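Each chain, written out:
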Amino acid sequence: FKPRNIDKFREFLEKEYERTKAIIEDYDYEGGFVVVVYKLDVEYKDDFKLIQKGKYSQTSKPFQKLFPQVVKIMKNGLHRDELSLQVRIFNKTEDLVTFWEEEFEMQFDEDWEVWRGWNEEEEVLNIEKVKKDVK
């Protein structure tokens, strides 16, 4: 996080500590960055392994239900509800299939997933890269 209002962020963080026992720690980086570390629920260990293999559509229904089904999108001053990206990925929705078919100019194979695979380097926090990207 890079909160603009640190007091409001601290309030959020206090509520998070009350809401869940999954927070391991939080710490600050120079430049106003805050990291909150959550532990993963071992109940979904097999799902995490599937995610690491890029097999999103094979994750369990209970795991998939952890993610919001719908997100609110603000466009041109208007709110509208859309399926969340996670739901689209888990269910290989037609719009994502069409996007990739057009992007790569090829027919989609139903065995393929509609999201790229796991990249360990992108999953590990590189604060210098984050700082650079924020600028």
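Definitions and cut-offs
In this numbering scheme, every chain counts its residues from 1 along its sequence in written order. It should be noted that, the model being predicted, local features are given only for residues of pLDDT at least 70 and side-chain atom pairs only at 80 or more, the latter also being counted only at that level, while totals for whole chains, interfaces and linings use all residues. Values reported for side chains reflect all heavy atoms of the structure, with hydrogen atoms and water molecules removed beforehand. Where helices and strands are cited, they refer to DSSP runs of H or I of at least four residues and of E of at least two residues respectively, numbered from the N terminus. A side-chain nitrogen of Lys or Arg and a carboxyl oxygen of Asp or Glu constitute a salt bridge if their distance falls within 4 Å. Residues belong to a common nonpolar core when they are buried Ala, Val, Leu, Ile, Met, Phe, Trp, Tyr or Cys residues joined through side-chain atoms within 4.5 Å. Each residue's exposure class comes from its accessible area (1.4 Å probe, protein chains only) as a fraction of the maximum for that residue type: buried when under 20%, exposed when over 50%, partly exposed otherwise. Only heavy atoms enter the contact rule, under which two residues are in contact if any of them lie within 4.5 Å. N or O atoms within 3.5 Å of each other form a polar contact, as long as, within protein, one can give a hydrogen and the other can take it, and as long as residues adjacent in sequence are counted only when both atoms are side-chain atoms. For Phe, Tyr and Trp, rings pair up if their centres lie within 6.5 Å, where Trp contributes its six-membered ring, and each pair is then called stacked (planes under 30 degrees apart), edge-to-face (over 60) or tilted (otherwise). Strands are treated as partners if at least two bridges between them are detected by DSSP.

Participant: Could you give me a rundown of unusual backbone geometry, with the residues and numbers involved?
Facilitator: Phi is mostly negative for residues that are not glycine, and the peptide bonds are mostly trans. If you check the backbone angles, K92 has positive phi at about 45° while not being a glycine. Summarising the element assignment, K92 is placed in the loop between helix 4 (85-90) and helix 5 (94-104). A positive phi angle is found at E105, which is not glycine, with a value near 50°. As for its placement among the helices and strands, E105 is situated in the loop between helix 5 and helix 6 (120-123).

Participant: Please set out the pattern of salt bridges residue by residue, giving values where relevant.
Facilitator: In the structure shown here, the tally under the stated rule is 11 salt bridges. Where salt bridges share partners, they join R80, E82, R88 and D95 into one cluster.

Participant: How would you explain the nonpolar core if you had to name every residue and give the values?
Facilitator: Counting residues in hydrophobic clusters, the biggest one holds 10 residues: Y44, I51, Y56, F63, I89, F90, L96, V97, F108 and V114. Looking at this core, the elements that each hand over two or more residues are helix 4 and helix 5. Counting 5 residues, the second-largest nonpolar core is a separate cluster that includes F9, L13, I23 and V36.

Participant: Describe the environment of D47, naming the residues involved and giving the relevant values.
Facilitator: Tracing the backbone shows D47 in helix 2 (residues 45-52). Counting along the chain gives 78 residues from D47 to L125, while the straight-line C-alpha distance between them is 22 Å. In this structure, D47 is in contact with T59, S60 and F63, ignoring residues within four places of it in sequence. At a separation of 2.6 Å, a polar atom in the side chain of D47 contacts the main-chain amide nitrogen of S60.

Participant: How would you summarise the packing of aromatic side chains if you had to cite specific residues and measurements?
Facilitator: Tallying each qualifying case throughout the model produces 12 aromatic pairs. Measuring from centroid to centroid gives 5.0 Å for F1 and F9, while their planes differ by 55°, and the two rings are tilted. Judged by its relative accessible area of 51%, F1 is exposed. Among the aromatic side chains, those forming a connected cluster through ring pairs are Y44, F48, F63, F67 and F90.

Participant: So, the environment of E82: which residues are in play, and what are the values?
Facilitator: Topologically, E82 is positioned in strand 4 (residues 78-83). Look at E82 and you get partly exposed, because its relative accessible area is 25%. Dropping the residues within four chain positions of it, E82 is found in contact with Q69, V70, V71, I73 and R88.

Participant: Could you give me a rundown of the pairing of strand 3 (residues 70-75), with the residues and numbers involved?
Facilitator: Note that strand 3 and strand 4 share 6 bridges and pair antiparallel. Pairing of K75 across the sheet is with L78, part of strand 4. Between the end of strand 3 and the start of strand 4, which pair antiparallel, lie 2 residues, with N76 showing a positive phi angle near 55°.

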